[in-house]
Amino acid sequence: MNTAFKFFVRALLLFTAISLWAQNPEKKTILFGNYQREYLLYAPSQTYPANLLTPKYSGVIVAIHGFNSSMDVFFDDYKIQTIADSLNYVIIAPQALPEQDVSVNALATILGIKLDAVWACGLRVKTALFDKELNAKNIDDVAFIGEIIWRTIQDFSIATDNIFLVGTSMGGFMSYQYAMFQPVKVAGIVDIVGTMGLNIKGKDHPIATPMCIFHSVDDEVVPYTGSHTVSGQKVTLGEPLDSVVQYWVRVNGAGAPTSETVANYPSSNGKTVEKTTYPNTDNEVIHYKITGAQHSYFFRKESGDCMDYVEEIGRFIAAHSAPNVDNAEIAPLRFEIYPNPAGDVIYSNLTDGTATVYDLSGRLVLTAQLRSGSLDVSSLKSGAYIVRLSYGNKIYTAKILKK
């Protein structure tokens, strides 16, 4: 290789590196479910080897923003990229759509409320005057999040063992909704000041998943008890946090709890945290019960807090990450079914396994063995269904339309 050509190659690689850095996080757009959907993708730059051509990453963090917020918040306000940098993880941050239901939008206009970014997560607002589920019409955010996870692990050859969801506020609601179906299986979920919606789908067939839950008893937006009083009216937004914790303790088969007062740093502001751990070798549940903090408060050691959110989240992800994963030896399987729309028999690229089929309300309608890649669905009525397949030690899901 002559000197001029070497110089050209080095200059090209340097330009590529600068371009990657300048676009980090990078905005992505895909057409999904007849909607233009957006998300941000952040990839730690130091993981690129000398040739800058074959970056390798250890996992994916899906950062899910809250109500009327944006995909930028985890980077601009929470600095979650520091976790990605230290653990060699890619971050994807999806953007919620505006409310699509005409009747809900009409009610919001009357009440003077904007619905600019709302997840289809089973969040139902219940009062004596009205009872509405948000973004309940024609939006499948579970499938959307599953799709961008899949694209990311394919694009970067990332092992499927290390996928984590971190949701804040309504993003926490969305994380729980994803946990019920998991189109791509996750290794853990972090909920920051969210809860499970009253209309969450699939609650009768959850998938055991490690949980890390942060919530304040003084939360004025998503109340710890699930309900609070506004202008003399009781407003219920979700399930009480104690019920959510115990639900996942049962699902995960977690053991007897141990509790400790969190004092990682000297506290100078009176906010306290009690950490309760329900142990399980694979699927523990951790609950940080906070006193003295409002909904939007983000714990930072620099603010005189007894703990730091980013540090605690990072520890949870590190503790549940599969060690020594050789990405090159892992060929993730995508669950594909056809034809779709389906007749009486559907076929799959996977050859066997136990299939469970649910309608869109989450009701189990069929359990059968996938045999030689085929499944008899003649007993199903016309309509849309979720097929969940247990294959080896993994779980895959897909949506079908039955003719």
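The text that follows walks through the structure, step by step, so that each part is easy to find.

Conventions adopted
Residues numbered from 1 in each chain as written. Predicted model: local features only at pLDDT ≥ 70, side-chain atom pairs only at ≥ 80, totals over all residues. Heavy atoms only, no water. Axes fitted to C-alpha atoms, helices over the stretch in contact; angles between N-to-C directions. Helix = DSSP H or I, 4+ residues; strand = E, 2+ residues; numbered from the N terminus. Parallel < 35°, antiparallel > 145°, perpendicular 65-115°, else oblique. Left-handed = near helix turned anticlockwise from the far one by under 90°. Contact = heavy atoms within 4.5 Å. Nonpolar A, V, L, I, M, F, W, Y, C, P; charged D, E, K, R; others polar. Core = buried A, V, L, I, M, F, W, Y, C linked by side-chain atoms within 4.5 Å. Buried < 20%, exposed > 50% of the residue type's maximum accessible area, 1.4 Å probe, protein only. Expected span 1.5 Å × (residues − 1). Pairing = 2+ DSSP bridges. Phe/Tyr/Trp six-rings, centres within 6.5 Å; stacked < 30°, edge-to-face > 60°.

## Remarks on the packing of helix H6 (residues 170-181) against helix H7 (residues 241-252)
- As a packed pair, H6 and H7 sit with axes 14 Å apart at the nearest point and diverge in direction by 20°. Compared by their axis directions, H6 and H7 come out roughly parallel. Once H6 is placed against H7, the crossing between them reads as left-handed. Across the interface between the two elements, Tyr176, Ala179 and Met180 from H6 touch Val244, Tyr247 and Trp248 from H7.
- For the contact of H6 with H7, the residue count by class is six nonpolar, no polar and no charged.

## Overview of the nonpolar core
- Core analysis: the largest hydrophobic core is formed by 61 residues, its most contacted members being Ile149 and Trp248.
- When neighbours within four sequence positions are excluded, Trp248 is seen to be in contact with Tyr176, Ala179, Met180, Met196, Pro206, Ile207, Met211 and Val285.
- By size, the runner-up hydrophobic cluster in this structure holds 38 residues, among which are Tyr78, Ala293, Phe298 and Met307.

## Some details on helix H5 (residues 141-156)
- Helix length check: H5 (16 residues) gives 23 Å between terminal C-alpha atoms against 22 Å at 1.5 Å per residue, within 8%.
- If you check which residues of H5 are buried, you get Asp141, Val142, Phe144, Ile145, Gly146, Glu147, Ile148, Ile149, Trp150, Thr152, Ile153 and Phe156.
- Against strand S1 (26-32), strand S2 (35-42), strand S3 (59-64), strand S4 (89-94), strand S7 (163-168) and H6 lie the buried residues of H5.
- Where H5 ends, the next residue or the one after it, Ser157, has phi of about 55°, a positive value.

## Structural notes on the sheet that holds strand S16 (residues 345-348)
- The strand order S15-S16-S19 describes an open sheet built from three strands, whose pairing is antiparallel. The open sheet has two edge strands, strand S15 (337-338) and strand S19 (374-376), and neither has a second partner.
- As judged from the two bridges shared by S15 and S16, these two strands associate in the antiparallel manner. Looking across to S16, one finds that Tyr338 is bridged to Tyr347.

## As for the packing of aromatic side chains
- Across all of its chains, the model carries 13 aromatic pairs by this definition.
- Aromatic pair Tyr78 and Phe298: ring centres 4.2 Å apart, planes at 5°, arrangement stacked. Placement of Tyr78 in the loop between helix H2 (73-76) and helix H3 (81-87) and of Phe298 in the loop between strand S14 (285-291) and helix H8 (309-319) is noted, with a sequence separation of 220 residues between them.
- A residue is classified by how much of its surface remains accessible, and Tyr78, at 15% relative accessible area, is buried.
- Between Tyr89 and Phe164 the ring centres are 6.1 Å apart and the planes differ by 50°, which places this aromatic pair in the tilted class. A residue pair is termed long-range when its members are at least 10 positions apart, and Tyr89 in strand S4 and Phe164 in strand S7 qualify at 75 residues. Each of the two residues, Tyr89 as well as Phe164, counts as buried.

## Quick notes on the sheet that holds S7
- In spatial order, the strands read S1-S2-S4-S3-S7-S8-S9-S14-S13-S12; together these 10 strands make up an open sheet with mixed pairing. Pairing within the sheet leaves two strands with one partner each, and these edge strands are S1 and strand S12 (258-261). In this sheet, neighbouring strand axes are inclined to one another by 20° on average, regardless of whether the strands run parallel or antiparallel.
- Alignment of S12 against strand S13 (residues 272-278), held across four bridges, turns out to be antiparallel. Looking at S13, one finds that Thr258 is bridged to Thr277.
- In this fold H6 packs onto S3, S7, strand S8 (188-192) and strand S9 (211-216), with an angle of close to 145° to the strand it touches most, S7.

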